[in-house]
Amino acid sequence: MLITHDLAVLSEISDKIGIMYGGQMVEFGSSQEIYKNPKHPYTQGLLESIPTLKGGTPKYIKGIPPSLLEAPTECRFIDRCPLVVDKCKQVPPKFKTKTGYVRCWLYEDEK
Ligand code: SF4
């Protein structure tokens, strides 16, 4: 097991990747799935923030992570998420879907 913020390194040496945010795993899957089709908005933001040799300006994720002493009771990414829907403000998302593991209400139909 390797714990890192360096996603470029992970892509080279990992078969499976778990993405952590606010003390919770928010997405888990094969390295190929995570890099080719990231589902959780945090995972998408992380991958978009990696500089590439193709050029262009990497994006960044606005805001700061929540304090774990006062973590939101709903989704822990809610204050930084660009894709919030009404349900996000009501109850925390579950982690398991029919097809994999992502902690996000955008994939509710897969649960
Ligand atoms: S559950 Fe809602 S707030 Fe949380 S990551 Fe998904 S869309 Fe964003």
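Look up: the structure comes first, before these words.
Here the structure is a predicted model, which means the values were calculated and not measured.

J.: Looking at this structure, how should I read the pairing of strand S2 (residues 24-30)?
T.: Looking along a regular strand, one sees the side chains alternate between the two faces of the sheet. Where strand S1 (residues 16-21) lies against S2, 6 bridges are found, and the strand directions are antiparallel. Looking across to S2, one finds that Ile19 is bridged to Glu27. Here S1 hands over to S2 after 2 residues, with Gly22 in that stretch at a positive phi of 55°.

J.: For this particular structure, what's the right way to read the sheet that holds strand S3 (residues 101-102)?
T.: One open sheet accounts for 3 strands, arranged S1-S2-S3; its pairing is antiparallel. Either end of the sheet is taken by a strand with one partner, and the two such strands are S1 and S3.

J.: When you look at the nonpolar core in this model, what are you seeing that I'm missing?
T.: In summary, soluble globular proteins display a tendency toward joint burial of nonpolar side chains. Within the largest apolar cluster, 13 residues are counted, with the highest numbers of intra-cluster contacts made by Ile19, Tyr21, Val26, Tyr42, Phe77, Val102 and Cys104. For this core, the leading source of residues is S1, giving 3 residues.

J.: Just to check I follow, could you spell out the site of the ligand for this structure?
T.: Taken together, the neighbourhood of the ligand is formed by 14 residues, with Cys75, Cys81, Cys88, Cys104 and Trp105 sitting nearest. Taken together, the residues of the shell around the ligand sort by class into 13 nonpolar, 1 polar and no charged.

Criteria and cut-off values
- Residues numbered from 1 in each chain as written.
- Predicted model: local features only at pLDDT ≥ 70, side-chain atom pairs only at ≥ 80, totals over all residues.
- Pairing = 2+ DSSP bridges.
- Helix = DSSP H or I, 4+ residues; strand = E, 2+ residues; numbered from the N terminus.
- Core = buried A, V, L, I, M, F, W, Y, C linked by C-beta atoms within 7 Å.
- Buried ≥ 20, exposed ≤ 12 C-beta atoms within 10 Å, placed from the backbone.
- Near = placed C-beta within 6 Å.
- Nonpolar A, V, L, I, M, F, W, Y, C, P; charged D, E, K, R; others polar.

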